[in-house]
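What follows is the residue order along each chain.
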Amino acid sequence: DTGVSQNPRHKITKRGQNVTFRCDPISEHNRLYWYRQTLGQGPEFLTYFQNEAQLEKSRLLSDRFSAERPKGSFSTLEIQRTEQGDSAMYLCASSPFRDSDYGYTFGSGTRLTVV
Amino acid sequence: DAKTTQPTSMDCAEGRAANLPCNHSTISGNEYVYWYRQIHSQGPQYIIHGLKNNETNEMASLIITEDRKSSTLILPHATLRDTAVYYCIVRAGNTPLVFGKGTRLSVIA
């Protein structure tokens with residue numbers, strides 16, 4: 001198993017453009033989480049899925065953000081009409097339903113820069 | 001709505017034990033204490049968790065006070081590779097992890 005994979009690793013986009021990030025979780029994990037992290041801060045929870053169902057969305061997740069997990073496998077996070085404030089590291093994590101033994105496994109993130 | 005309080009930063013000499021404190025005075029009976037760490041340019045990594053008993057694994061030990069209002073993560077022999085931000089998280093059941101700002105540990109040669 002190669003762990004949680006995120007693509008791309010880096011993305012530079014112009015303000016107003018749309019961007020999409022992909023996360024491939026550990027195959028046997030049915031939970032998948034998205035977090036955002038800015039410099040000097042801890043990761044902020046955005047949303048999570050159990051299989052293909054999106055169970056919770058943070059108030060941080062404006063209507064410009066949408067996440068999907070078709071068929072309960074990989075997930076995508078799309079940001080429409082990007083703003084400079086969207087510049088951050090976007091982290092994906094996966095876990096089994098009961099994660100108490102091993103916790104979450106995080107990917108290395110996608111760093112977004114909006115210019 | 002931070003549930004934990006941690007020092008902003010700490011230093012530790014290489015080879016010595018690193019003791020990272022965490023205050024969680026409002027913890028509820030069903031909430032666990034989790035520790036994660038984040039090495040520069042990587043995603044967070046699970047270290048250990050506990051409810052009320054002390055726990056030990058290959059990475060660290062977790063000491064929880066009897067009243068459960070505070071805990072200490074112990075790295076017994078810190079190395080330069082342990083330099084990271086360490087997050088103490090209080091969590092009930094299977095709810096998503098909520099991270100604070102953590103403690104930046106610098107291990108010094």
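Notes on the structure in this doc start here. (Residues numbered from 1 in each chain as written. Chains lettered and ligands numbered in written order. Predicted model: local features only at pLDDT ≥ 70, side-chain atom pairs only at ≥ 80, totals over all residues. Heavy atoms only, no water.)

**Concerning the sheet that holds strand β8 (residues 75–79) of chain A**
All names here are of chain A.
And then number 1: The antiparallel open sheet is built from four strands, whose spatial order is β1-β3-β8-β7. Only two strands of the sheet have a single partner each, and these edge strands are β1 (5–7) and β7 (65–68). Taken over all neighbouring pairs, the strand axes of this sheet differ in orientation by 15 degrees on average, direction set aside.
And then number 2: In this sheet, β8 lies alongside strand β3 (residues 19–24) in antiparallel orientation, the contact comprising five bridges. Among the inter-strand pairings, Val19 is bridged to a residue of β8, identified as Ile79. (Pairing = 2+ DSSP bridges. Helix = DSSP H or I, 4+ residues; strand = E, 2+ residues; numbered from the N terminus. Axes fitted to C-alpha atoms, helices over the stretch in contact; angles between N-to-C directions.)

**Some words on the packing of aromatic side chains**
And then number 1: Under the counting rule described, the total for this entry stands at 15 aromatic pairs over all chains.
And then number 2: Between the aromatic rings of Tyr35 of chain A and Phe45 of chain A, the centroid separation amounts to 5.8 Å while the plane-to-plane angle is 70 degrees, which identifies the pairing as edge-to-face. Here Tyr35 of chain A, found in strand β4 (residues 31–37), pairs with Phe45 of chain A, found in strand β5 (residues 44–50); they are 10 residues apart in sequence, far enough to count as distant.
And then number 3: On the basis of relative accessible area, Tyr35 of chain A is assigned to the buried category, the value being 0%.
And then number 4: Ring plane angle 65 degrees and centroid distance 6.4 Å describe the contact between Tyr104 of chain A and Tyr36 of chain B, whose orientation is recorded as edge-to-face. Of this pair, Tyr104 of chain A sits in the loop between β9 (88–95) and β10 (105–106) while Tyr36 of chain B sits in strand β3 (residues 31–38), which puts the two residues in different chains. (Phe/Tyr/Trp six-rings, centres within 6.5 Å; stacked < 30°, edge-to-face > 60°. Buried < 20%, exposed > 50% of the residue type's maximum accessible area, 1.4 Å probe, protein only.)

**Examining the side chain of Arg31 of chain A**
And then number 1: By the element assignment, Arg31 of chain A lies in strand β4.
And then number 2: Since its relative accessible area comes to 5%, Arg31 of chain A is described here as buried.
And then number 3: Of the polar contacts made by the side chain of Arg31 of chain A, one reaches the backbone oxygen of Asn94 of chain B; its length is 2.9 Å.
And then number 4: Setting aside residues no more than four positions away along its own chain, Arg31 of chain A makes contact with Tyr48, Phe49, Gln50, Leu55, Arg69, Ala93, Ser94, Ser95, Pro96 and Phe97 of chain A together with Asn94 of chain B. (Polar contact = N/O pair within 3.5 Å; in protein donor to acceptor, adjacent residues only side chain to side chain. Contact = heavy atoms within 4.5 Å.)

**A look at the pattern of salt bridges**
And then number 1: Under the counting rule described, the total for this entry stands at six salt bridges over all chains.
And then number 2: A salt bridge links Asp86 of chain A to Arg64 of chain A; its shortest N-O distance comes to 2.8 Å. Here Asp86 of chain A is found in the loop between β8 and β9, whereas its partner Arg64 of chain A is found in the loop between β6 (53–57) and β7, with 22 residues between them in sequence.
And then number 3: We note a salt bridge from Lys3 of chain B to Glu31 of chain B, for which the minimum N-O separation is 2.6 Å. Of this pair, Lys3 of chain B sits in the segment before β1 (9–13) while Glu31 of chain B is found in strand β3, placing the two residues 28 residues apart along the sequence. (Salt bridge = Lys/Arg side-chain N within 4 Å of Asp/Glu carboxyl O.)

No statement about biological role is implied by the geometric values presented.
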